[in-house]
Structure formats: structure tokens, C-alpha cells
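Chain residues, written in single-letter form:
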Amino acid sequence: MVRIIIVWTMFILIGSIGSFGKNAVADSNFIQVNVDNALNESFKEKSIEPLKNIERKMNSKKGNIWTYWKAYIKMCKSLYYISVNKGNNAKSMLNEAIDMLEKNANFTTEDYALIAYMQSQSIRYTKGMESGVLATKSKNNAKLAIQKEPKNIRGWFVLAIIDYYTPKVYGGKEKCESYLLKALSLPSQKIKNAYLPSWGRKEAYFLILAYYQSVGQIAKLHSFYNKAVKEFPYDSSFKKYEK
């Protein structure tokens, strides 16, 4: 069994969370905003407490959408633990997040996209055949997200992640550009909804910029850099791609 190696880059995950473009959802009433703000506070304070605080507020909430957000918070806690070099904690928290979301009844397009996203992150903790199996699960779940809702930006973004980080010798880097272009043609949300996720758009910009840089397509790199900073004018994370 071929090992599929996916090197998870933190600049995509951490650098892209908690900042919203001028045309994106940025209302403090939105759960996405509050959770991502808590993650950013955790990074700044080097403390897990901001994430634990928002997690406690959701403990009594019931229903599929709340299970989604509880799993999302656990994923964010995993990212925090990576940032402070606590790999075992990060792995454990990510596993908890996946286990929690898998218990959801009647998976929605967003459930499939999130579990695919988390599974793609989990590959960093696997080896050999297990890596390939997990990559396939992630890819299949991203496809299910798109089958349920073809305009789900998050499903297309996860497909792009899997393709981008699969070595070319094993068929990778063949479709990531088209997947990312599709993702960036879609809105973060079809209709603004405070309870639903809106992640994925900024992450897609980071990944397409990384892709164009890696293949030496400088004109496209500059074009998408300009689009990214126009859409996210207050974010400094794109500076590395500035001319």
C-alpha cells in the first residue's frame, strides 16, 4: 500500500482563521465568528482557556448543529495544542472531535465537509496503509458534502487539500487548482445564517497562492494575491506573497 504523505501546514490553518473579508460574514452574533475569535485569543494568550470558555457555553446545547460546533471547537483546541508543541494533546483532541461528529444522525453537507477536513488533518498522525485509508475517507466525505450541496465551498476546499498534499508520483497536484477555483467561485454561505459555518474561503486563497508559488505560475500568484488582499484588506497573513 502506497503511503500518502500530507504535510499539514499551519499557515493555512492558523493564519486563515478568525478573519473575515469585507463581503463575508463578520457579525458577532455568528457562532463562527465567536469560536474563531476564541481560537485567536488562545493563540495570543498561549492559553486554552478562551476555547474552553466558549465550549462551556455550548455544553447544554442539544441537536445536530450544536454537535457540529462542539466538534469544531475540539478541532480548534487541537490546532492550539499544535501551536504550543503538544502533539499528543492535539492528536487526542482531534480524535475526540471526529468521534463526536460521527455520532451525528442524518449527516448534512456541512457535517461531511467538517469531518473530511478533520480527517485530512489526522493524516499527520498516521503512517503507511493507515495514511492511505484515512486520505480516502477524507476524500470520500468531501465528495459526499458536494453531492448533498454542490455549492458547498468547504467540500471543494477539502478536495483541494487532499489533492495538493498527495505527492505527484501518486497522482496528486492534478486537480487542486480546479477545485480551488471552484471553491473561490462560491460564497462562504448561500444565505447568511448565524448558526451555520462560513470557513473555507480564506483558506482556499492561502492554498491557491501556495500552489501557484510551488509551480512557478507567478502571474496567477500575483493576480490571486491582489484578489485576496482586496477581499481581506485587514489581514497581514498574505504578506509573504506580496511582490
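Residues numbered from 1 in each chain as written. Predicted model: local features only at pLDDT ≥ 70, side-chain atom pairs only at ≥ 80, totals over all residues. Heavy atoms only, no water.

Student: Describe the overall build of the protein chain, with residues and values.
Tutor: Within the protein chain, the secondary structure is distributed over eleven helices and zero strands. The order of α-helices and β-strands along the protein chain, N terminus first, is α-α-α-α-α-α-α-α-α-α-α. Here the protein chain holds 243 residues, and the buried ones make up 53% of them. When contacts within the protein chain are restricted to residue pairs at least 6 apart in sequence, those whose partners lie at least 24 apart make up 64%. (Helix = DSSP H or I, 4+ residues; strand = E, 2+ residues; numbered from the N terminus. Buried < 20%, exposed > 50% of the residue type's maximum accessible area, 1.4 Å probe, protein only. Contact = heavy atoms within 4.5 Å.)

Student: Outline the packing of helix α4 (residues 64–83) against helix α5 (residues 87–102), supporting the account with residue identities and numerical values.
Tutor: Contact geometry of α4 with α5 gives a least axis separation of 8 Å together with a crossing angle of 170°. For the element pair α4 / α5, the angle class is roughly antiparallel. Listed contacts from α5 to Thr67, Tyr68, Lys70, Ala71, Lys74, Met75, Lys77, Ser78, Tyr81 and Ile82 of α4 are Asn89, Ala90, Met93, Leu94, Glu96, Ala97, Met100 and Leu101. When its residues are assigned to classes, the contact of α4 with α5 shows eleven nonpolar, three polar and four charged. (Axes fitted to C-alpha atoms, helices over the stretch in contact; angles between N-to-C directions. Parallel < 35°, antiparallel > 145°, perpendicular 65-115°, else oblique. Nonpolar A, V, L, I, M, F, W, Y, C, P; charged D, E, K, R; others polar.)

Student: Tell me about the packing of aromatic side chains, residues and numbers included.
Tutor: What the rule picks out here adds up to 16 aromatic pairs. Between the aromatic rings of Tyr68 and Trp69, the centroid separation amounts to 5.2 Å while the plane-to-plane angle is 80°, which identifies the pairing as edge-to-face. Trp69 matches Tyr68 in its accessibility class, with the two residues each being buried. Taken together, a centroid distance of 4.5 Å and an interplanar angle of 15° make the contact between Tyr117 and Trp199 stacked. On the criterion of sequence distance, the pair formed by Tyr117 in helix α6 (residues 109–122) and Trp199 in the loop between α9 (176–184) and α10 (201–214) is long-range, its members being 82 residues apart. Here Tyr117 and Trp199 have matching classes, each one buried. Linked through ring pairs, Tyr164, Tyr165, Tyr211, Tyr212 and Phe224 together constitute an aromatic cluster. For the cation-ring pair, Lys61 lies above Trp66, with the distance from its terminal atom to the ring centre recorded as 5.3 Å. Over the face of the ring belonging to Phe232 we find Lys202, whose NZ or CZ atom lies 5.8 Å from the ring centre. (Phe/Tyr/Trp six-rings, centres within 6.5 Å; stacked < 30°, edge-to-face > 60°. Lys NZ or Arg CZ within 6 Å of the ring centre and 35° of its normal.)

Student: Explain the layout of surface pockets to me, and be specific about the residues and the numbers.
Tutor: The calculated volume of the largest pocket comes to roughly 280 Å³. Along the wall of the largest pocket there are 20 residues; nearest its centre are Thr109, Glu110, Arg154, Leu196 and Pro197. Contributing elements (two or more residues each) for the lining of the largest pocket: α4, α6 and α8 (153–165). Class assignment of the residues belonging to the lining of the largest pocket gives a composition of seven nonpolar, seven polar and six charged. (1 Å grid on protein atoms, 1.4 Å probe; cavity = no way out; pocket = protein on both sides within 12 Å on 5 of 7 lines; lining within 4 Å. Points joined across faces, edges and corners; volume = space filled by probe spheres on them.)

Student: Can you lay out the nonpolar core for me, pointing to particular residues and giving the numbers?
Tutor: In terms of nonpolar packing, the biggest core is built from 70 residues, with Val35, Leu114, Met118 and Phe157 touching the most fellow members. Element by element, the count of residues in this core is highest for α4, at twelve residues. Aside from chain neighbours lying at most four places away, what touches Leu114 is Tyr68, Ala71, Tyr72, Met75, Leu101 and Trp199. (Core = buried A, V, L, I, M, F, W, Y, C linked by side-chain atoms within 4.5 Å.)

Student: Tell me what's going on with the side chain of Gln32, and back it up with residues and numbers.
Tutor: Along the chain, Gln32 falls in helix α2 (residues 31–45). One polar contact links the side chain of Gln32 to the main-chain amide nitrogen of Trp199, over a distance of 3.2 Å. (Polar contact = N/O pair within 3.5 Å; in protein donor to acceptor, adjacent residues only side chain to side chain.)

Student: Describe the environment of Met100, listing the residues and the values that go with them.
Tutor: Relative to the assigned elements, Met100 resides in helix α5. Assessed through its relative accessible area of 23%, Met100 is described here as partly exposed. When the C-alpha atoms of Met100 and Thr67 are compared, they prove to be 7.1 Å apart, with 33 residues separating the residues in sequence. Those residues in contact with Met100 that lie beyond four places of it in its chain are Thr67, Lys70, Ala71 and Lys74.

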